[in-house]
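# Structural features, examined
Each chain is listed here by its residues.
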Amino acid sequence: MGSSRLSRRAVLKTAALGSAAAITAPYVSGVHAAGTLTLGCWDHWVPGANKALDKICKEWGDKNNVDVHIDYITSQGEKDKLTAAAEAQAGTGHDIMSHRDWNIQIHQRLLEPLDDVVAQLIKQYGPISPVAEYLAKIKGTWRGIPTAIGSQVKPCQSRFDLYKEHCGIDLVDMFPADESKYDKAKTDQWTWDVYLDSAQKLHKAGYPVGLPMGQTSDAVDWVGALFNSFGVVMIDEKDNIKVNSDETRKALEYLKKLMAVNPPEVYAWDDAGNNRWIISGKGSGIMNPPSSWAVAKRDNPKVAENIWLHAMPRGPKGRYVGQLPQFYGLWSFSKNKSAGKDLLLHMSQKESIAQLVAASIGYDLPSFKSMYDLDTWKTVEPPKGVVYSYPPRGDELTSMFGAPARSEVGAQMYNQAINTVMVAKLTQGNEKIDDVIKWAEKELEGTLRA
Amino acid sequence: MPASSAGIRDVEPPARGDRYKVEDSRMADTVQSWVPGLQQAGVRPSARSGLSKFLRQRSTIAFLFCLPLIAIITCLVIYPAFYSIYLSMLNKAQTRFIGLGNFSYLLSRDVFWMVVQQSAIFALSAVFFKALIGLITAHLINNLPAKGQRKWRGMLLVPWVIPLALSSLGWWWLFDPTHSAFNWILTGLGFDEVPWLSNPYWARFSVILVNVWYGAPFFLIMYLAALKSVPEQLYEAAAIDGANAWQKFIHITLPMMRNIIAITVLFSLIVTFANFDIVQIMTAGGPRNMTHVFATYAFLLGIRSGDLPLGAATSLFMFPILAIAAVFILRGVRKRGREIG
């Protein structure tokens, strides 16, 4: 756990400056109290990315005479979630805590409503990602603020040289680094059927795609996106179990063919397994944020030069990409809530987001589509524009496995990886589709208890 | 204790009921001799405070020495144990008491029964092989010349000394699904690759193997100590009667080691049932939930899914299983103890 202490409390100046701030800015009302604000933040894997957040918070702290203290907590071994769970049980800890995936829903009762801050951000930057809304707006109240830090989608990340050579598909031409040049006739051709056909060709050529089928988020996210593209609904908003459907059967039949051309070890991959697959040069494609490209740039530059991030294939019900946002939550036991809200608003400004996105080489993804025009995604290389299509563009929509069920139910489905276990039972365990669906129905019935 | 002082040896042995009383008076004498100023100041034994009498009692001293340990156990074992029982009876939001609702829910889930089965397979097979390997290696080392024994004992203890999380990570690299070092050797020798972690059955084998590797040295050292305590005369008498090595092992070594075997097995069973690190690092319960054990499944439900009460209920399922095992094993130990006595 790393930490950095920012500005020192300027005791004598506090009252005067704080009062002035309270008068001039809408969210500074409590900041005049100054004091300390502690943050427990996700420890970024990109070297130097934490420093960008330090800088943003220091600027704000200096301006408002608040002593901001940040603890960076790794997500390795779920240490960040353990810390949040411990603080929730103890009723004490940081003022602001970063929460991954379903953690806002899990700690909703101890999180301060942030409707006013989110309303301000929507007013400034337009609509927010529906996935972020699903995860953080609980019973009509925003309990967390989506942050760009660590937030990600998992689009296709392909070796364009291999696709061109073995499948005759020009991915760079299909998804150029300029959305205005997207040709609908071309992008519409990128379907799950074409994906399967090319995966078979690449497998034959000795460069299989590597799609994880374990029980970690990379696997759950891409299978969730595929299920959405096929129109699969596990449980609807009204707690009706809907998994026993033609859509599910079609998706499973498709996956049976697709998994046959994946390496057999995908069932044991963790979230780094697919990264290693593409970096090694053995694989032709994965579905991942640009982290694997960034590591390839360092460890295997020739592979990195031939990687292109682009949209997911389109299915009968649309084109979906798995999204995994992160949030900041303000604990209800925080002693400096007003200052906390003000800092959250400051961190969510486009200027701050631009710094964070640049520091993370385009990995961090804001939840506002209006911010997808930041320069970083256009300029990062090699090759130039490699991550331009990392943010969802064109007709690509974000998805979260578990939706549209109640978020309490969705969290159980997601964390128990019911979708990937279904696929593994079918493709690795050679169980019949009907038996797999029957198993899923029983498991889903259990999640409704939530 | 003053019991070793020369003066005390001359005292007649007390009647059974007077034992502590007499020892107390001996202690008082000794204290006086250690603090000469006490007599000079005219302080008589009868004038001592009740507190100092209380403090001089043997049981009091023992209790005070144990106090730090009792405090630690109370804070870190007893309180969390009772708190987890309380937690397991709450709803997910921890706002309502639901009695045994979490337990009955778990009993209705197929995945939970699979976890029960896997935990049993994991613990029983790992403990069996640890005991077997420990017994064999203890014999081998015991028969080595005394000079070489220490070196072997030290080397064989290494797996048990390395922090488990670190060694599990090392094993994970050896079993890595894509770049396994073992598979590299196997393919180099012309064999097929083994799906160590991607096939559920091989994955079960792998986690058990690592647990055996880690735990066998504990059995080795315990059995070695037990072997050394068997009187040599018994073997000499058996040799005179014409017993061979196997007969000596069956009729002398094994009966003499039975209690230590039972206690070691019980201890290891408890630790193995509660194992978390190996499975979490190597497979995280997959593929298809087929390597989950109680602790990893409790972590999945309690921390990852945010249902702490359900996670607590899962981990508490280990308690009755281990309690029953402990009762049977310790009853056997007591019975044999009485027979020997």
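Residues numbered from 1 in each chain as written. Chains lettered and ligands numbered in written order. Predicted model: local features only at pLDDT ≥ 70, side-chain atom pairs only at ≥ 80, totals over all residues. Heavy atoms only, no water.

## Let's talk about the overall build of chain A
Each helix and strand in chain A was counted, giving 21 helices and 14 strands. For chain A, restricting intrachain contacts to residue pairs at least 6 apart in sequence, the fraction spanning at least 24 positions comes to 77%. Accessible area of chain A: about 16,400 Å², with a carbon and sulfur share of 52%. (Helix = DSSP H or I, 4+ residues; strand = E, 2+ residues; numbered from the N terminus. Contact = heavy atoms within 4.5 Å. Areas by Shrake-Rupley, 256 points an atom, 1.4 Å probe, with all protein chains shown as cover.)

## Some words on the packing of helix H7 (residues 110-142) of chain B against helix H11 (residues 200-228) of chain B
All names here are of chain B. Running from amino to carboxyl end, H7 crosses H11 at an angle of 40 degrees, the nearest separation of the two axes being 6 Å. The orientation of H7 relative to H11 falls into the category oblique. The two elements H7 and H11 meet at a crossing, and its hand is right-handed. Of the residues assigned to the contact of H7 with H11, the class counts are 19 nonpolar, 8 polar and 3 charged. (Axes fitted to C-alpha atoms, helices over the stretch in contact; angles between N-to-C directions. Parallel < 35°, antiparallel > 145°, perpendicular 65-115°, else oblique. Left-handed = near helix turned anticlockwise from the far one by under 90°. Nonpolar A, V, L, I, M, F, W, Y, C, P; charged D, E, K, R; others polar.)

## Here we look at the pattern of salt bridges
Per the stated rule, a full pass over the model turns up 30 salt bridges over all chains. With a shortest N-O distance of 3.0 Å, A:Glu78 and A:Arg100 are connected by a salt bridge. Remark: A:Arg100 occurs in strand E4 (residues 96-100) and A:Glu78 occurs in the loop between strand E3 (67-73) and helix H3 (79-90); sequence separation between them is 22 residues. By the burial criterion, A:Glu78 is buried, and A:Arg100 matches it. The partner of A:Asp270 in a salt bridge is A:Arg276, with the nearest N and O atoms 3.7 Å apart. What you see here is one network of salt bridges that share partners, running through A:Glu78, A:Asp80, A:Lys81, A:Arg100, A:Asp101 and B:Arg304. (Salt bridge = Lys/Arg side-chain N within 4 Å of Asp/Glu carboxyl O. Buried < 20%, exposed > 50% of the residue type's maximum accessible area, 1.4 Å probe, protein only.)

## Re the sheet that holds strand E8 (residues 156-159) of chain A
Residue and element names in this part refer to chain A. One open sheet holds the 3 strands; their spatial order is E9-E8-E10, and the pairing between them is antiparallel. Looking along the sheet, the strands with just one partner apiece sit at the ends: strand E9 (285-287) and strand E10 (307-310). Averaged over all neighbouring strand pairs, the angle between strand axes comes to 20 degrees, with direction disregarded. In the sheet, E8 pairs with E10 via 4 bridges, with the strands oriented antiparallel. Among the inter-strand pairings, Arg159 is bridged to a residue of E10, identified as Ile307. (Pairing = 2+ DSSP bridges.)

## What to know about the interface of chain B and chain A
At the junction of the two partners, chain B supplies 36 residues and chain A supplies 35 residues. Buried area between chain B and chain A, both sides added, is near 3,000 Å², and the carbon and sulfur share of it is 49%. Our count for the contact surface shared by chain B and chain A stands at 3 salt bridges. The partner of B:Asp110 in a salt bridge is A:Lys442, and the shortest N-O contact between them spans 3.2 Å. Linking chain B with chain A are 13 residue pairs in polar contact (both at pLDDT 80 or more). For the side of chain B that touches chain A, the leading source of residues is helix H15 (residues 294-304) of chain B, giving 5 residues. Of the residues assigned to the side of chain B that touches chain A, the class counts are 17 nonpolar, 12 polar and 7 charged. (Buried area = accessible area lost by both parts, 1.4 Å probe. Polar contact = N/O pair within 3.5 Å; in protein donor to acceptor, adjacent residues only side chain to side chain.)

## Observations concerning a nonpolar patch on the surface
All names here are of chain B. Judged by side-chain polarity, Leu51, Phe54, Leu55, Ile61, Phe63, Leu64, Phe65, Leu67 and Ile70 come together as a nonpolar surface patch covering roughly 860 Å² of accessible area. Among the elements that make up the nonpolar patch, the one with the highest residue count is helix H5 (residues 58-87) (6 residues). Residue position: Leu64 is located in helix H5. Taking relative accessible area as the criterion, Leu64 reaches 39% and is therefore assigned partly exposed. (Patch = residues over 30% accessible without salt bridge, like charges linked within 9 Å, V, L, I, M, F, W, Y side chains within 5 Å.)

## Thoughts on the confidence of the model for chain B
Across chain B, the average pLDDT comes to 84, with 85% of residues at 70 or higher. Under a pLDDT of 50 for its full length, residues 1-43 of chain B has, in the predicted model, 24 contacts with residues more than four places off or in other chains. (pLDDT = per-residue confidence, 0-100.)

## Some words on the packing of aromatic side chains
Under the definition given, this model contains 36 aromatic pairs over all chains. Ring geometry for A:Trp192 and A:Tyr195: centres 5.5 Å apart, planes at 75 degrees, overall edge-to-face. Placement of the pair is A:Trp192 and A:Tyr195 together in helix H10 (residues 192-204), with a separation of 3 residues, close to one helical turn. We note that A:Trp192, like A:Tyr195, is buried. Through successive ring pairs, a cluster of aromatic residues spans B:Trp171, B:Phe175, B:Phe182, B:Trp196, B:Trp202, B:Phe205 and B:Trp213. A:Arg393 extends its terminal NZ or CZ atom over the ring of A:Tyr388, reaching a point 3.8 Å from the ring centre. (Phe/Tyr/Trp six-rings, centres within 6.5 Å; stacked < 30°, edge-to-face > 60°. Lys NZ or Arg CZ within 6 Å of the ring centre and 35° of its normal.)

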